[in-house]
Amino acid sequence: MDAMKRKLLLLFGMLVLLAGGAFAAAPEAAESMGALSRVQGGLEQFFSATSFMNGDFTNFIMILVAFVFLYLGIKYDFEPLLLIPIGMGIIIGNIPLPADNSVGIYVENSVMNILYQGVEQGVYPPLIFLGIGAMTDFSTLIANPKLMLLGAAAQVGIFATFIGALYLGFNLQEAGAIGIIGGADGPTAIFLSSILAKDLLGAIAIAAYSYMALVPVIQPPIMRLLTNGKERKIRMKPPRSVSQTEKILFPIAGMILTLFIAPSALPLLGMLFFGNVLKESTRTNRLAETARTKMIDIVTILLGVTVGASTQADHFLTEQSLLIFGLGAASFVVATACGVLFAKFMNLFLKDENKLNPLIGAAGVSAVPDSARVVQHEGLRYDPQNHLLMHAMAPNVSGVIGSAVAAGILLSFLG
Amino acid sequence: MDQSSILQEGGAITITGIIVVFTALAVLSLVFKYVIPFLITLPERFKKLRSQEEKEELLSKKDARNVPGEVNAVIAAAIHAYLDELHDEESTVLTIQQQQKSYSPWSSKIYSTHRLR
């Protein structure tokens, strides 16, 4: 790379000399030479400030990673609302800057740094949860409350990854932050890692969102591996209709119960259930509408772009990041497997007419609503009349609650 | 802290964490399976209970009024006898006041006793 810089400087010097020769032919040569040297100095300074002179091959690697994100988001529609802002953020964060710059995301009080404070201080995740609460319908969960246990089972992925990270030599706090990738919940992962392991925040956030986008690729093989044809064709009873009173009581009772058990999850669960009350009360439609549309959109843009920008090559391209990506993949596999296996375990105790289709256990990883869509898709593959989406939404939303509770527990132990 | 003690602590956190997550969601599940439906139907149950009580009260009142046939027959006979023995009420007021009568030859004494033709 130094050789490249030398060549560029040499080329620039030759150009300057040629220009200088032309000036020297003029009568006022001496005066011109002074001005020329100042111009030369200015140009040199300008060139030294460009990204060409400060770049490193690692920046280009990260820009290639950004292209992958953009490609997956635009071409395959994998979580485009996240991958496109993150992809563009990665490019922004990996434009090479001189050491004394005042615009980088890690430079205190720079514009990007101020926007990044929302991630670093854990402000954006609760706001995202508010929006999620205002758009989530808990009806299927209320209609069949035992499906909540599937959301709990999938959280085993979090703790398995936590143990795995400890084995790989991460300290307790770092392992806790890495483990939460298994919750398949981006905002929760960011929230926890912003408190437990700030240095790993970029890698954890990127890993969490990458695997969330890859849910349609990761989950189906595991679901097929752990179920047989007969189980995949199980038709579940349609959920009963749920009264408005139950819908209003759910977030209130849910908030009180879960937060009394895991109070550290307050910022996430508090906002989630608050958003849901805004929706279900039907008296605050304006607020609910804002929370689930404009507000969550704004926060998603800021979160995505700043998380992306935080992946500066010198911070991101480390051995630790590679380990985190490996653990993240394993955590998704374990979480999916635990959900499916627990559904099969529950079937041992259920009457024939109440049996669960074990595919819905895979939706216990949060990743709302992608994992529920994957379940629906897989169900239809084996029985074109078997629509599992409504049933899968129950473990899916309980997975959100479960991962937030797990984050609260890790925070109470390690925070 | 050496690796083995870190792993031990990690194991403890893991077990506690899994138990707490399951407990939290199981409690929520049980609350929504049993407690909330009970609470929601509570006013209805009260209403039902009240209407049941009212019904019973009404029935008990009816029971109180429900007299045997013989008694009914006796009462009916007594009423009948009582009503049959009743006379028309007549004015029993005696008076010494002179009644003013307008003259009429049709009721005149003169024509009936003194002038026979």
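Criteria and cut-off values
For every chain, the first residue of the written sequence is number 1, and numbering continues from 1 onward in sequence order. All chains are assigned letters beginning at A, and all ligands numbers beginning at 1, according to the order in which they are written. Only residues with pLDDT of 70 or above have their local features reported here, since the model is predicted, and side-chain atom pairs are shown and tallied only from 80 upward, although totals for entire chains, interfaces and linings are computed over all residues. The side-chain values count all of the structure's non-hydrogen atoms but skip hydrogen atoms and water molecules. Secondary structure is summarised from DSSP: a helix means a run of H or I of at least four residues, a strand means a run of E of at least two, and numbering begins at the N terminus for each. The buried label applies to any residue whose accessible area, calculated with a 1.4 Å probe on protein chains only, is under 20% of its type's maximum; exposed applies above 50%, and partly exposed to all values in between. Contacts were defined at the residue level, with two residues in contact if any of their heavy atoms lie within 4.5 Å. Accessible areas in this description were obtained via Shrake-Rupley with a 1.4 Å probe; residue shielding takes into account the shown protein chains only. Only four residue types enter the charge count, namely Lys and Arg as positive and Asp and Glu as negative; His and the chain termini do not. Charge positions come from single atoms, namely NZ of Lys, CZ of Arg, CG of Asp or CD of Glu. By convention, a stacked pair of Phe, Tyr or Trp rings (six-membered ring in the case of Trp) has centres within 6.5 Å and planes under 30 degrees apart, an edge-to-face pair has planes over 60 apart, and any other such pair is tilted. Two conditions define a charge sitting above a ring: the NZ of Lys or the CZ of Arg must be within 6 Å of the ring centre, and it must be within 35 degrees of the ring normal. Like charges within 9 Å and nonpolar side chains (Val, Leu, Ile, Met, Phe, Trp, Tyr) within 5 Å are joined into patches, using only residues over 30% in relative accessible area that form no salt bridge. Salt bridges are counted wherever a side-chain nitrogen of Lys or Arg sits within 4 Å of a carboxyl oxygen of Asp or Glu. Here a polar contact is taken to be a pair of N or O atoms separated by no more than 3.5 Å, where protein atoms must pair a possible hydrogen donor with a possible acceptor and residues adjacent in sequence count only if both atoms sit in side chains. Fitted lines through C-alpha atoms give the axes, limited to the stretch in contact for helices. The angle between two N-to-C directions lies from 0 to 180 degrees. An angle below 35 degrees is treated as roughly parallel, one above 145 as roughly antiparallel, one from 65 to 115 as roughly perpendicular, and anything else as oblique. For a crossing to be left-handed, the near helix must be turned anticlockwise from the far one by less than a right angle; the clockwise case is right-handed. Three residue categories are used. Nonpolar comprises Ala, Val, Leu, Ile, Met, Phe, Trp, Tyr, Cys and Pro, charged comprises Asp, Glu, Lys and Arg, and polar comprises the others, including Gly. Among the buried residues, those of types Ala, Val, Leu, Ile, Met, Phe, Trp, Tyr and Cys that are joined through side-chain atoms within 4.5 Å form a nonpolar core. Domain delimitation follows an automatic or database domain assignment. Joining two parts hides part of their accessible area as seen by a 1.4 Å probe, and the buried area is that hidden amount summed over both.

Participant: Even after reading the chapter, I still don't get the overall build of chain A, so can you show me in this structure?
Facilitator: Counting its regular elements, chain A contains 22 helices and 0 strands. Counting only C-alpha atoms and orienting by the principal axes, one finds that chain A spans roughly 105 × 45 × 40 Å. For chain A, the proportion of its 415 residues judged to be buried stands at 55%. Contacts in chain A between residues at least 24 apart in sequence constitute 76% of all its contacts with a sequence separation of at least 6. For chain A, the exposed surface amounts to about 18300 Å²; the carbon and sulfur share of it is 67%. Here chain A holds 25 positive side-chain charges and 26 negative ones, and the gap between their average locations is 15 Å.

Participant: So what exactly am I meant to see when it comes to the packing of aromatic side chains here?
Facilitator: One pass over the structure, following the stated rule, counts 14 aromatic pairs over all chains. A network of ring pairs unites the aromatic residues A:Phe138, A:Phe250, A:Phe273 and B:Phe32 as a single cluster. Stacked on the ring of A:Tyr382, the Lys or Arg A:Arg232 has its end atom at 4.6 Å from the ring centre.

Participant: Sorry, what's going on with a nonpolar patch on the surface here?
Facilitator: Nonpolar side chains collect at one region of the surface, where B:Val67, B:Val71, B:Ile75, B:Ile79, B:Tyr82 and B:Leu83 lie side by side and expose about 540 Å² of accessible area between them. Relative to the elements of secondary structure, B:Leu83 occurs in helix H2 (residues 69-84).

Participant: How do you make sense of the side chain of A:Glu246 when you look at a structure like this?
Facilitator: Following the sequence through the fold, A:Glu246 ends up in helix H16 (residues 244-261). The exposure class assigned to A:Glu246 is buried, which follows from its relative accessible area of 6%. Side-chain polar atoms of A:Glu246 contact the side chain of A:Arg240, separated by 2.7 Å. Contact partners of A:Glu246, with chain neighbours within four places excluded, come to A:Ile142, A:Arg240, B:Phe32, B:Ile36 and B:Ile40.

Participant: It is not clear to me how the packing of helix H14 (residues 215-226) of chain A against helix H20 (residues 319-347) of chain A should be interpreted in this structure. Could you clarify?
Facilitator: Helix packing for two helices is described by the angle between their axes and how far apart those axes are. Residues and elements named next belong to chain A. Look at H14 against H20: their axes get within 9 Å of each other, and the N-to-C directions meet at 40°. As judged from the angle between their axes, H14 and H20 are oblique. Crossing of H14 over H20 shows right-handed handedness. When H14 is examined against H20, the residues Val215, Ile218, Gln219, Ile222, Met223 and Leu226 are found in contact with a partner set consisting of Phe332, Val333, Thr336, Ala337, Val340, Leu341 and Lys344. Residue composition of the contact of H14 with H20, grouped by class: 10 nonpolar, 2 polar and 1 charged.

Participant: Hey, could you run me through the nonpolar core in this one?
Facilitator: All names here are of chain A. In terms of nonpolar packing, the biggest core is built from 130 residues, with Ile178, Phe250, Leu269, Leu272, Ile324, Val375 and Ile401 touching the most fellow members. The dominant element in this core, judged by the number of residues it contributes, is helix H22 (residues 389-414), at 14 residues. Other than its neighbours up to four places away in sequence, Ile178 contacts Thr161, Ala165, Phe170, Leu200, Ile204, Ile324 and Leu327. By size, the runner-up hydrophobic cluster in this structure holds 6 residues, among which are Leu130, Leu278, Ala288 and Ala291.

Participant: Quick question: what am I supposed to make of the domain arrangement of chain A here?
Facilitator: By a frequent convention, interface size equals the accessible area lost on bringing the separate parts together. In terms of domain boundaries, chain A breaks down into domain 1 (2-49) and domain 2 (64-414). Taking only C-alpha atoms, the centre of domain 1 of chain A and the centre of domain 2 of chain A are 56 Å apart.

Participant: For this particular structure, what's the right way to read the side chain of A:Ser310?
Facilitator: Looking at where A:Ser310 falls in the secondary structure, it is placed in the loop between helix H18 (285-309) and helix H19 (313-316). Within the local environment of A:Ser310, its side chain forms a polar contact with the backbone oxygen of A:Val307, the two atoms lying 2.6 Å apart.

Participant: Would you mind going over the environment of A:Leu141 with me for this structure?
Facilitator: Residues and elements named next belong to chain A. Within the fold, Leu141 resides in helix H8 (residues 139-143). In this structure the C-alpha to C-alpha distance between Leu141 and Leu70, which are 71 residues apart in sequence, comes to 35 Å. Among residues more than four places away in sequence, those in contact with Leu141 are Met148, Phe250, Ala394, Val397 and Ser398.

Participant: What is the right way to look at the environment of B:Ser51 in this model?
Facilitator: All names here are of chain B. On the secondary structure map, Ser51 appears in helix H1 (residues 3-65). On the basis of relative accessibility, which here comes to 38%, the residue Ser51 falls in the partly exposed class. Between the C-alpha atoms of Ser51 and Ala77, which are 26 residues apart in sequence, the distance is 39 Å.

Participant: Honestly, the interface of chain B and chain A in this entry has me stumped. Any pointers?
Facilitator: Of the residues lining the interface, 25 residues belong to chain B; the matching set on chain A comes to 37 residues. On the chain B side of the interface with chain A, the three residues burying the most area are B:Ile13, B:Leu25 and B:Phe32, jointly 24% of the side's total. At the boundary of chain B with chain A, the tally comes to 0 salt bridges. Counting across the chain B and chain A interface gives 2 residue pairs in polar contact (both at pLDDT 80 or more). In terms of residue class, the side of chain B that touches chain A is built from 16 nonpolar, 7 polar and 2 charged.

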